[in-house]
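Now for the letters of each chain:
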Amino acid sequence: MTFRKTLAALAAAATLAGTPTIASGNEFTQDERIRRLDIMLMVTSLRCRMGSDDFQDNYRSFTAAHLPALNASARRLEKTFVAKHGAKGAKRALDRISVGMANEYGQGHPWLSCAELKEVARDLSKSADSLVLTQAADQLLGPRPLVGSRWARR
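Just so it is clear, the model here is predicted, and its values are computed rather than measured.

> Got a minute to help me understand the overall build of the chain in this structure?
Within the chain, the secondary structure is distributed over five helices and zero strands. Secondary structure elements of the chain occur, N-terminal to C-terminal, as α-α-α-α-α. Burial status across the chain gives 41% buried among its 154 residues. Long-range pairs, those at least 24 residues apart, make up 79% of the contacts in the chain between residues at least 6 apart in sequence.

> Explain the packing of aromatic side chains here, please?
Ring pairs (aromatic) are described by centroid distance and by the angle formed between their planes. A full pass over the atoms with the stated rule returns one aromatic pair. Aromatic pair Tyr59 and Phe62: ring centres 6.0 Å apart, planes at 35°, arrangement tilted. Of this pair, Tyr59 and Phe62 are both found in helix H3 (residues 56–105), three residues apart, which corresponds to roughly one turn of the helix. For the pair Tyr59 and Phe62, one class covers both residues: buried. Between Arg36 and the ring centre of Phe28, over which it is positioned, the NZ or CZ distance is 3.8 Å.

> It is not clear to me how the nonpolar core should be interpreted in this structure. Could you clarify?
Side chains of a nonpolar character, in soluble globular proteins, are inclined to be buried together. Leu37, Met40, Leu41, Phe62, Leu124 and Leu140 are the most contacted members of the largest nonpolar core, which totals 30 residues. Looking at this core, the elements that each hand over two or more residues are helix H2 (30–47), H3, helix H4 (114–125) and helix H5 (130–141). Not counting residues within four places of it along the chain, the set of residues in contact with Met40 comprises Met101, Tyr105, His109, Leu117, Leu140 and Leu141.

> Would you mind showing me how to read the state of the cysteines here?
Joining two cysteines, a disulfide is a covalent bond between their sulfur atoms. In the structure shown here, the tally under the stated rule is one disulfide. With its sulfur 2.0 Å from that of its partner, Cys48 forms a disulfide with Cys114. Because the sign of the S-S torsion sets the handedness, a value of about -75° for the bond joining Cys48 and Cys114 places this disulfide among the left-handed ones. Of this pair, Cys48 sits in the loop between H2 and H3 while Cys114 sits in helix H4; the two residues are 66 residues apart in sequence, bridging distant segments of the chain.

Quick notes on the rules
- Residues numbered from 1 in each chain as written.
- Predicted model: local features only at pLDDT ≥ 70, side-chain atom pairs only at ≥ 80, totals over all residues.
- Heavy atoms only, no water.
- Helix = DSSP H or I, 4+ residues; strand = E, 2+ residues; numbered from the N terminus.
- Buried < 20%, exposed > 50% of the residue type's maximum accessible area, 1.4 Å probe, protein only.
- Contact = heavy atoms within 4.5 Å.
- Phe/Tyr/Trp six-rings, centres within 6.5 Å; stacked < 30°, edge-to-face > 60°.
- Lys NZ or Arg CZ within 6 Å of the ring centre and 35° of its normal.
- Core = buried A, V, L, I, M, F, W, Y, C linked by side-chain atoms within 4.5 Å.
- Disulfide = S-S within 2.5 Å.

In structure tokens:
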């Protein structure tokens, strides 16, 4: 099953069960979640680069496939932060996001292995649909999903 189908199945199961999806109540905007997804994949690809599950090529393919959406999201996020914090404050806020995420995922993803992250990056690189980025961020950056799936393993 592809990552996209897995995400759809998890969202449908959560809806049918009457439980909120991981993104519900999330204080982050869609653009910030997409930025965090990109940072998480970048940092974990660097962490996993020395083993058999090196996925730096998959990460590069992911960024190439989603470059327009990643750039548009980054521009909107910066614009939002400038409106909230001014130009100087926006830069600091964006730096805090990047450093915080790098620190958070520097020791690895809390419930996905390098092999699973490699598969995620590969699956994400096969679609240019920006909705997939938001769904992936909701699934991969939140707590481990309660609904059973191959992504819900620790």
